[in-house]
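# Structure assessment
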There are 2 protein chains.
Amino acid sequence: SYAGCGLPYYLSGQVSDFKDLMSTPAGVIRDVQFFKNVKNVKVEARTFAEEIDRENKVVKAVRLDTGERVEYPYDKLVLATGGKPQVPDIEGNDLEGVFKLRSILDGLEIKKWVDGSGEGTVAIIGAGLIGLEMAEAFIEKGHRVVLVELEEHILPKTLDVETALLLQRYLASRGVEIYTSTRVLSIAGDSSGMVQSVTTDRGEITVSGVLLAAGVRSENRLAREAGLQIGKHGGVAVNDRMETSDPDIYAGGDTVEVKHVISGEDAYLPMGSTANKQGRVIGDNICGTASTFPGVLGTMVMKILDFTVAKTGLTEAEARRAGFETVTALNPAPDRAHYYPGAKPIFLKGIADKKTGRLIGFQGIGPGDVAKRLDIAVTAISAGMGVKEIFNLDLGYAPPYSNALDNIINLASILENKIEGVGRGISPLAVREMMSNGDDLLLLDVRSPAEYNEMRIKDERVMLVPLGKLRSVLSELPRDKKMVAFCKTSLRGYEASTILKGGGVKDVAFMDGGLIMWPFEVDRSPLLEK
Amino acid sequence: SYAGCGLPYYLSGQVSDFKDLMSTPAGVIRDVQFFKNVKNVKVEARTFAEEIDRENKVVKAVRLDTGERVEYPYDKLVLATGGKPQVPDIEGNDLEGVFKLRSILDGLEIKKWVDGSGEGTVAIIGAGLIGLEMAEAFIEKGHRVVLVELEEHILPKTLDVETALLLQRYLASRGVEIYTSTRVLSIAGDSSGMVQSVTTDRGEITVSGVLLAAGVRSENRLAREAGLQIGKHGGVAVNDRMETSDPDIYAGGDTVEVKHVISGEDAYLPMGSTANKQGRVIGDNICGTASTFPGVLGTMVMKILDFTVAKTGLTEAEARRAGFETVTALNPAPDRAHYYPGAKPIFLKGIADKKTGRLIGFQGIGPGDVAKRLDIAVTAISAGMGVKEIFNLDLGYAPPYSNALDNIINLASILENKIEGVGRGISPLAVREMMSNGDDLLLLDVRSPAEYNEMRIKDERVMLVPLGKLRSVLSELPRDKKMVAFCKTSLRGYEASTILKGGGVKDVAFMDGGLIMWPFEVDRSPLLEK
């Protein structure tokens, strides 16, 4: 029994002893003896379960060390066979120096390589959760990391385009090379069988190591061969009591599919936290206490270098596919009172259902405390809260922890303003598209001249009018031109849009998230002094 | 306009410039000009509102610098007169070196004293939120701090006895002297009028400075003299639209009373976060958008030295007074995966309503991330969630942020176990009482011998049986004796209690929170080698 989720931190050296991953908080190794003494559970180690004979209610197994065949009769059986890495079917996927990460044995193998290899280039194939966590581990060890992702942005199942592009910009600033929309064709090695290069449809990458991180799938062989129902994503199908299609066989953890509470669809979303909860539900039911597992929100949180990345509920893309009419908001702001030392920015995205006003999705990235806002969102979404209810949450406020109106409260407030038509926001993607289309519009940058001097969007349609001067020049601005106001964060941009609207400008909006969440190029060249 | 909540951090030097407390996040000072230019709001500074003439709908005021009398006719009026410190009516409360903290002027005065006074002893009269935040500020500046509190423990409105005692133990370890159940009788000064000593009913304290922090009350003079309804706690009474008893007069912020959503009672709970939300509700209503403020949970969070202290909903004491049949749980554990670097303990208390299974109160203290669990609790309590629903929350899990089952999930699980009768816990206060009463009981310490050697409860009724050995000695233990099992955190203690129960022991419980939350004395003397 070990904490698989801790492996990346063992590889990076942040966790120094892998035995820590196998211990209880009190420092006792969870080995066969521990389970016997403490839990009164008999562990049959190094024993391979070959087959379930459902008719006779027997598991047939073989002892790996002696070849002895054994049978385990059962009243109730629990399948906890976990998941396994999805290995891309390409040439060279078994070369030396090509790794995957699942078991503690994989971890030890990579660790040995990482500690002995010196600095080199590691290609990570697949920019999902494990790919990115491992990117951190390799970077911490001094390696150069190249991320190769088939989809058009990293974390394709977790983030929408604009949050993913922001994260890519950060990773690039930390030296990570990223190739998206890129397919790996083959992996080649040298004469000794050691990996040497990765060939993609966009060129070749010279490497000293490769990590295959194309995802995880259910280890469902036993269940499948026993004729149990398998879901459409390959996980063992279970009901909310965690029973498989055979009521005497339960299954839980990375081997099963789960219900996504918001979409109502089954999904394969293996998580250690889910497995733990399902374990209790199974235990309850076997012991005669009726218990159900309601499903998941698809929550994930990860650390990569100085950034936290988090998601729960549906992405905007998922919500649209599921038929929701969405309203979205971006909110970049410090994670606590801006004047308190250590305040760091966090970039939040909220997705609401326009019809009901409910929050249905949340994404957050940044160096500040994203994890707290994630868990507030998880709880609010689980409760079916509307954005107005979230606005009124009596969240903890003190300068070292939050703003008087917490970031997620302001996020809810922006969503409410948009739903009620009080404020109109346009996403940076849409603004960029209008610019590319050559639309005749006025982009009002309402920051200070000093901020403008430091960094700006380079376009002839951008006009600098600091917020404090906007009212005095209002009469000089055209009334009939499409206008988009923005500042660093969209706070002043929003105020400008209300001033403009009040001043009679007909088509006016603010740009969601402001310049700090503008994921495209900006001009940082110094301006000529006037 | 300034961030009053930031004053303690300005005084401690963590915020270096008090202008930061008056600025927008973009660095613009919120002065008269700012309100004019950006908000189109006219600020009449240095103008004292003397009276509201409700019949003629006019506010009568006087300009402080010229004595000129002015009148402001209104359609709608908003009272935002804030609160003021409650100054104890004792001799010497106006001596030099006796401070209170409310306005930025108070702050500047204390700052001048703190920076110039050298190291001395500061007596803080009142160990509430501001008293404790200021204790940190004085300690950071090298002062010795003595807390004097009338009630039987510090933070009497925020914490229950056992969490307060834990916090007192921590503060004592950081050099803070604490006198509870102590009444200040008078303050004395030297011949120059400078404060010199504080006389209490438990003796005299020699001081170089005194902070009066006996709480805040509503600045309600204008409202009261205008005949508006005042609540029983002295705050201006408002309905959920924030209207006073005169529908043309709104009031919000520290001047009003609020509804406590769980108790259903009105309360005076001034908080910057509440004021901000009420401001929006008032603005909405005045501008024709119907809007209501649902009330508060009495949430608070504060930082003192390396500890975070947090509370929401009802304390156990408050819940009992409000007529709830309560079930409580204590959960001490690291705030993230125990093997992840930087994991720090947090000590949580949950209070559930036995009848409905709902969480109705939460307290947390410790050096780890308490603030996140607070906000999850706030959201869950607001949604009326039962502990079973909280157990199933799909909270974010990754080793740098949480445990596979988050601390608050385990807290909910303990509460559920207690409500369902699966586990029986006894609070450390009750254990201590049984011990003092001379009850015949067996206290089973199920930690390892090494842990026992380091620290233990010194009592003849304590018996060391490490958890891993409990099953093997089960038959030798008495069946009819009252038993309480415990370990460091209560995790092994709980397992021991289930083993004992399964082994036929009739009266068995675990001690809530284990030794780490035992707020009484422990024996740390080395044991003789055997």
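Residues numbered from 1 in each chain as written. Chains lettered and ligands numbered in written order. Predicted model: local features only at pLDDT ≥ 70, side-chain atom pairs only at ≥ 80, totals over all residues. Heavy atoms only, no water.

### Some thoughts on unusual backbone geometry
This is how the line gets drawn: Comment: elements are numbered from the N terminus, with helices defined as DSSP H or I runs of at least four residues and strands as E runs of at least two.
Unlike most non-glycine residues, Met242 of chain A shows phi in positive territory, near 70°. Its place among the elements puts Met242 of chain A in the loop between helix H6 (221–225) and strand S15 (249–251).

### Some words on the interface of chain A and chain B
Stated formally: Whether two residues are in contact is decided by their heavy atoms, any of which lying within 4.5 Å being enough. The term buried area denotes the loss of accessible surface (1.4 Å probe radius) that occurs when two parts are joined, taken as the sum for both partners. What makes a salt bridge here is a side-chain nitrogen of Lys or Arg within 4 Å of a carboxyl oxygen of Asp or Glu, nothing more. Between N or O atoms, a polar contact is any pair within 3.5 Å; within protein, one atom must be a potential hydrogen donor and the other a potential acceptor, and residues adjacent in sequence are included only when both atoms are from side chains.
At the junction of the two partners, chain A supplies 79 residues and chain B supplies 79 residues. Summed over both partners, the interface of chain A with chain B buries about 6,500 Å², with 59% contributed by carbon and sulfur atoms. Linking chain A with chain B are six salt bridges, by the criterion used here. Across the chain A-chain B interface, the total number found is 28 residue pairs in polar contact (both at pLDDT 80 or more).

### Focus on the relation of the copies chain A and chain B
Condition: Least-squares fitting of one copy onto the other uses the C-alpha atoms of those residues that reach a pLDDT of at least 70 in both copies.
Expressed as a screw transformation, the operator carrying chain A onto chain B has a rotation angle of 180° and an axial translation of 0.0 Å, and the superposed copies differ by an RMSD of 0.0 Å. Considering both components of the superposition, the chain copies are consistent with a two-fold axis. Most of the interface of chain A is mirrored in chain B, where 100% of its interface residues are also at the interface.

### Focus on the side chain of Glu136 of chain A
You can see Glu136 of chain A is positioned in helix H4 (residues 129–140). Beyond its immediate chain neighbours, meaning those up to four positions away, Glu136 of chain A contacts Tyr9, Gln14, Lys303, Ile304 and Leu305 of chain A.

### Focus: helix H9 (residues 370–382) of chain A
All names here are of chain A. Where we set the bar: Multiplying one less than the number of residues by 1.5 Å gives the expected span of a helix. The cut-offs for exposure are 20% and 50% of the maximum accessible area for each residue type, with area from a 1.4 Å probe on protein chains only; residues under the lower value are buried, those over the upper are exposed, and the others partly exposed.
Given a rise of 1.5 Å per residue, 13 residues ought to cover 18 Å, and the 18 Å separating the end C-alpha atoms of H9 matches this to within 8%. Within H9, twelve of the 13 residues are buried, which leaves the element mostly enclosed by the surrounding structure. Residues of H9 that are buried include every one of Val370, Ala371, Lys372, Arg373, Leu374, Asp375, Ile376, Ala377, Val378, Thr379, Ala380 and Ile381, and no others. Among the residues of H9, the N-terminal cap falls to Asp369, whose side-chain oxygen and the backbone nitrogen of Ala371 are separated by 3.4 Å. Just past H9, the residue Gly384 takes up positive phi, approximately 70°.

### Examining a nonpolar patch on the surface
Residues and elements named next belong to chain A. Quick note on the threshold: Like-charged residues within 9 Å of one another, or nonpolar side chains (Val, Leu, Ile, Met, Phe, Trp, Tyr) within 5 Å, are grouped into patches, provided each residue has over 30% relative accessible area and no salt bridge. The Shrake-Rupley method, run with a 1.4 Å probe sphere, supplies the accessible areas, and residue values consider only the shown protein chains as cover.
Taken together, the side chains of Val32, Val41 and Val43 make up a nonpolar region of the molecular surface, amounting to roughly 190 Å² of accessible area. Along the chain, Val32 turns up in helix H2 (residues 32–39). Of the residues examined, Val32 reaches a relative accessible area of 38% and is grouped as partly exposed.

### Section: helix H4 (residues 129–140) of chain B
Residues and elements named next belong to chain B. For H4, spanning twelve residues, the distance from its first C-alpha to its last is 17 Å, which sits close to the expected 16 Å at 1.5 Å a residue. Along H4, nine of the twelve residues are buried, which leaves the element largely enclosed by surrounding structure. Turning to H4, its buried residues number three or more, namely Gly131, Leu132, Glu133, Met134, Ala135, Glu136, Ala137, Phe138 and Ile139. Once H4 finishes, Gly142 follows within two positions and takes phi at roughly 90°, a positive value.

### What about the pairing of strand S10 (residues 184–189) of chain B?
Residue and element names in this part refer to chain B. The condition that has to hold: Pairs of strands are assigned from DSSP output, requiring at least two bridges between the strands.
Of the strand pairs in this sheet, S10 and strand S11 (residues 195–200) are connected by five bridges, and their pairing is antiparallel. Within S11, the position partnered with Ile187 by the bridge is Val198. Counting the residues that bridge the hairpin from S10 to S11 gives five residues, and of these Gly193 lies at a positive phi of roughly 85°.

### Here's the deal with the sheet that holds strand S27 (residues 508–511) of chain A
Residue and element names in this part refer to chain A. What the five strands build is an open sheet, ordered S23-S27-S26-S24-S25; its pairing is parallel. Unpaired on one side and paired on the other, strand S23 (425–426) and strand S25 (462–464) mark the two borders of the sheet. Where S23 lies against S27, two bridges are found, and the strand directions are parallel. Across the sheet, residue Ile426 finds its bridge partner in S27, namely Met511.

### A look at the confidence of the model for chain A
The condition is simple: Scored between 0 and 100, pLDDT is the confidence that the predictor attaches to each residue.
Looking at chain A, pLDDT values average 94 and 99% of them are 70 or higher. Predicted complex, confidence summary: ipTM 0.96, pTM 0.96.

### Re the sheet that holds strand S3 (residues 69–73) of chain B
Residues and elements named next belong to chain B. Cut-off, in case you're wondering: Simply put, an axis is a line fit to the C-alpha atoms, just over the touching stretch for a helix, and the angle between two N-to-C directions goes from 0 to 180 degrees.
One open sheet holds the three strands; their spatial order is S1-S2-S3, and the pairing between them is antiparallel. In this open sheet, the two edge strands, each paired with only one partner strand, are strand S1 (47–53) and S3. Neighbour to neighbour, the strand axes of the sheet diverge by 25° on average, direction disregarded. Note: strand S2 (residues 58–63) against S3, five bridges, orientation antiparallel. Its bridge partner being in S3, Val58 is matched across the sheet by Pro73.

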